[in-house]
Amino acid sequence: MTHTAVHSEFVSMGFNRKRRVSFPHDIYQVVINGEDGEYIEYEIEADSHSEASAKAEALAADSFVDISYIEVYLIH
């Protein structure tokens, strides 16, 4: 997953003003642990812990992983 940051500078009256644009979603690190001891890690943008878990379940279904449990950590 690629995240893009935007940085802009405004020059006014001889000095620089810096403004950063932030993203509306938080970034979660998700670890999907399978029943066979396998695991997959993702970084997911989501509004909440439960939304990140739901997205992780969908990714596990797409990868045909039998889920044992899912770990979700807020990164940013």
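These numbers were taken from a predicted model, which means no experiment stands behind them.

### Points about the pattern of salt bridges
Inference 1: Going through the model one piece at a time under the given rule, you end up with one salt bridge.
Inference 2: Between Glu51 and Lys55 there is a salt bridge, and its shortest N-O distance comes to 3.5 Å. With Glu51 and Lys55 both in helix 1 (residues 49–62), this residue pair falls four residues apart, about one helical turn.
Inference 3: You can call Glu51 partly exposed: its relative accessible area is 27%.

### Quick word on the side chain of Asn33
Inference 1: Relative to the helices and strands, Asn33 resides in strand 3 (residues 26–34).
Inference 2: Of note is the side chain of Asn33, whose polar atom sits 2.9 Å from the side chain of Glu71.
Inference 3: Discounting chain neighbours no more than four positions away, the residues touching Asn33 are Glu38, Tyr39, Asp66, Ile67, Ser68, Tyr69 and Glu71.

### Regarding the environment of Tyr42
Inference 1: Looking at where Tyr42 falls in the secondary structure, it is placed in strand 4 (residues 39–46).
Inference 2: Each C-alpha atom of the pair Tyr42 and Val30 lies 5.2 Å from the other, and the pair is twelve residues apart in sequence.
Inference 3: When near neighbours in sequence (up to four residues on either side) are disregarded, Tyr42 contacts Tyr28, Gln29, Val30, Ile32, Leu59 and Ser63.

### Things to note about unusual backbone geometry
Inference 1: We note that Phe64 has phi near 60°; this positive angle belongs to a residue other than glycine.
Inference 2: For Phe64, a relative accessible area of 76% translates into the label exposed.

### As for the side chain of Ser53
Inference 1: Within the secondary structure, Ser53 is located in helix 1.
Inference 2: When its relative accessible area of 18% is taken as the criterion, Ser53 is described as buried.
Inference 3: Filtering out sequence-adjacent residues up to four positions away, Ser53 remains in contact with Ile70 and Val72.

Analysis parameters
Residues numbered from 1 in each chain as written. Predicted model: local features only at pLDDT ≥ 70, side-chain atom pairs only at ≥ 80, totals over all residues. Heavy atoms only, no water. Salt bridge = Lys/Arg side-chain N within 4 Å of Asp/Glu carboxyl O. Helix = DSSP H or I, 4+ residues; strand = E, 2+ residues; numbered from the N terminus. Buried < 20%, exposed > 50% of the residue type's maximum accessible area, 1.4 Å probe, protein only. Polar contact = N/O pair within 3.5 Å; in protein donor to acceptor, adjacent residues only side chain to side chain. Contact = heavy atoms within 4.5 Å.

Coordinates in, geometry out; function isn't part of it.
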